[in-house]
Amino acid sequence: MDQILDDVKGKTEVLQGTKLSFIGCGAMAEAIIAGLLKKNLVKTEQVVGSHPRKDRREELQKKYWFRILESNKDAVAFGHKPADINQGDQSSIVILTVKPQRLGTILRELKEAVQEDQLVISIVAGARIETIADDLQHRSIVRAMPNTPAQIGQGMTVWTATPEVTEAQQRQIHMIFGALGRELQVEEEKMIDMATALSATGPTYIFLVMEALIDAGVHMGFSRHVAEELVLQTMLGSVLFARESHKHPAELRNMVTSPGGTSAEAIYQMEKGSLRTVLSKAVWAAYQRANLLGRKAKHES
């Protein structure tokens, strides 16, 4: 029991006194804030956000009770206000969660606002560290790519950091993204674009397959409600079984494929339709698009 209490205390202390400034408060910023608050890793007074729309600011303030401003610069400056006497040492993290097309404008606006001791985290799709570092004249940067299930604490976030990011800051990053589900640190930035195509865009592939299976059930004669329940639980159970079994997907597929049976016939039709090739091409196209977004962001900065 003492060990458990020590572990909990250790986790809460990692972000104790840390100020978090969210630039742009869309769905993913809200997911991060909600995850951190739900797990009691930060207090509302440690968080500030910025958003241009008044209705969105009022919505988030009412829902989570943290401060949200119209000015991006004011949100960044929040991190350098004196820490509360009981919060210990203060650190500051600026989290960029804006749309890719707005990033260039935001970076120019914040160029002199971000201080040397602040850590900058970007979850902007395609935005390369080099672009952010050059535009902000700042070197302590983390580039990350979460995915949609982060909104329910079941996300997958892949991230990388510049050499200037300290070990203490890296522990904070592990904690922040761990609040969204699972997180993985990689050494090479190109893997972020790869993760953008595979895990960040991945829910799109899953939702499309889900939709197709539900439609197939309706075509056979199920009501849409029943078909949806069958498909959702089957997909969920299959994923959980794959994780718990630690077996290769091919081995799992062979387990449920009897000679001359329904699975064998279904697999034959999917292979005949080049399902593997189509999925591979889709992931590769998403990867190329992520690279293009990065080049475009650099050109426009």
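Predicted model, so just to flag it, every value in this text is computed and none were measured. (Residues numbered from 1 in each chain as written. Predicted model: local features only at pLDDT ≥ 70, side-chain atom pairs only at ≥ 80, totals over all residues. Heavy atoms only, no water.)

Participant: Which residues make up the pairing of strand S6 (residues 141-145), and what values do they have?
Facilitator: A large share of S6 lies buried, amounting to 5 of its 5 residues. What you see with S6 is no split at all: Ile141, Arg143 and Met145 on one side and Val142 and Ala144 on the other are buried throughout. As defined by bridge partners, strand S5 (residues 119-122) adjoins S6 across 3 bridges and the pair is classed as parallel. What sits directly across from Val120, in S6, is Ile141. In this fold, S5 hands off to helix H6 (residues 129-136), which returns the chain to S6; that crossover is right-handed. The pairing of S6 with strand S7 (residues 155-161) spans 4 bridges and is classified as antiparallel. Looking at S7, one finds that Met145 is bridged to Val158. (Buried < 20%, exposed > 50% of the residue type's maximum accessible area, 1.4 Å probe, protein only. Helix = DSSP H or I, 4+ residues; strand = E, 2+ residues; numbered from the N terminus. Pairing = 2+ DSSP bridges. Right-handed = clockwise from strand over helix to strand, strands pointing away.)

Participant: Any details on the environment of Asp134? Residues and values, ideally.
Facilitator: Mapped onto the elements, Asp134 comes out in helix H6. Relative accessible area serves as the criterion here: at 36%, Asp134 is assigned to the partly exposed category. Between the C-alpha atom of Asp134 and that of Tyr268, which follows or precedes it by 134 residues, the distance is 52 Å.

Participant: So what about the packing of helix H8 (residues 190-200) against helix H9 (residues 202-220)? Which residues, and what values?
Facilitator: Between H8 and H9, whose axes approach to 5 Å, the crossing angle comes to 20 degrees. In terms of orientation, H8 lies roughly parallel with respect to H9. Listed contacts from H9 to Ala197, Leu198, Ser199 and Ala200 of H8 are Gly202, Pro203 and Tyr205. Its residues assigned to classes, the contact of H8 with H9 comprises 5 nonpolar, 2 polar and no charged. (Axes fitted to C-alpha atoms, helices over the stretch in contact; angles between N-to-C directions. Parallel < 35°, antiparallel > 145°, perpendicular 65-115°, else oblique. Contact = heavy atoms within 4.5 Å. Nonpolar A, V, L, I, M, F, W, Y, C, P; charged D, E, K, R; others polar.)

Participant: With reference to specific residues and values, describe the pairing of strand S4 (residues 92-96).
Facilitator: With 5 of 5 residues buried, S4 is to be regarded as a mostly interior element. Of the two faces of S4, both are covered, the one formed by Ser92, Val94 and Leu96 as well as the one formed by Ile93 and Ile95. Pairing of strand S1 (residues 19-23) with S4 involves 5 bridges; the strand directions are parallel. In the sheet register, Ser21 faces S4, and the bridge partner there is Val94. Here S4 pairs with S5 via 4 bridges, running parallel. Opposite Ile95, over in S5, you have Ile121 as the bridge partner. Traced from S4 through helix H5 (residues 100-110) to S5, the parallel crossover comes out right-handed.

Participant: Residue-level account of the nonpolar core, with values.
Facilitator: Counting residues in hydrophobic clusters, the biggest one holds 34 residues, and the most contacted among them are Phe22, Leu36, Ile121, Ile173, Ile176 and Phe177. Among the secondary structure elements, those contributing two or more residues to this core are S1, helix H2 (27-38), helix H3 (54-64), S4, S5, S6 and helix H7 (167-178). Here this core takes 7 residues from H2, the largest share from any one element. Apart from residues lying up to four places away in sequence, Phe177 is in contact with Ile121, Ile123, Ala144, Thr157, Trp159, Arg182 and Glu183. (Core = buried A, V, L, I, M, F, W, Y, C linked by side-chain atoms within 4.5 Å.)

Participant: Provide a residue-level description of the packing of aromatic side chains, including the pertinent values.
Facilitator: Applying the stated criterion across every chain, the model contains 2 aromatic pairs. Relative to Tyr287, the ring of Trp284 lies with its centre 5.3 Å away and its plane at 55 degrees, an arrangement referred to as tilted. Pair noted here: Trp284 and Tyr287 are both in helix H13 (residues 275-300), with a separation of 3 residues, about one helical turn. Classification of Tyr287 by relative accessible area gives buried; the value is 18%. (Phe/Tyr/Trp six-rings, centres within 6.5 Å; stacked < 30°, edge-to-face > 60°.)

Participant: A description of the sheet that holds strand S3 (residues 67-69) should follow, citing residues and the corresponding values.
Facilitator: Judged by pairing direction, the sheet is mixed, and its 8 strands sit side by side in the order S3-S2-S1-S4-S5-S6-S7-S8 without closing on themselves. Looking at which strands have only one partner, the edges of the open sheet turn out to be S3 and strand S8 (181-185). Pairs of neighbouring strands in the sheet enclose a mean axial angle of 20 degrees, with direction left out of account. The pairing of strand S2 (residues 47-50) with S3 spans 3 bridges and is parallel. Within S3, the position partnered with Val48 by the bridge is Arg67. Of the strands in this sheet, S4, S5, S6 and S7 touch H6, which is tilted by about 140 degrees from S6.

Participant: Would you mind going over the side chain of Gln169 in detail, with residue names and values included?
Facilitator: Note that Gln169 resides in helix H7. Judged by relative accessible area, Gln169 falls into the buried class, the value being 13%. In terms of polar contacts, Gln169 uses its side chain to reach the backbone amide nitrogen of Thr166, at 3.0 Å. (Polar contact = N/O pair within 3.5 Å; in protein donor to acceptor, adjacent residues only side chain to side chain.)

Participant: So, the side chain of Gln172: which residues are in play, and what are the values?
Facilitator: Inspection of the secondary structure assignment puts Gln172 in helix H7. Under the relative-accessibility criterion, Gln172 is labelled buried at 7%. Once residues within four sequence positions are removed from consideration, Gln172 is found in contact with Val14, Leu15, Thr18, Ser91 and Ile93.

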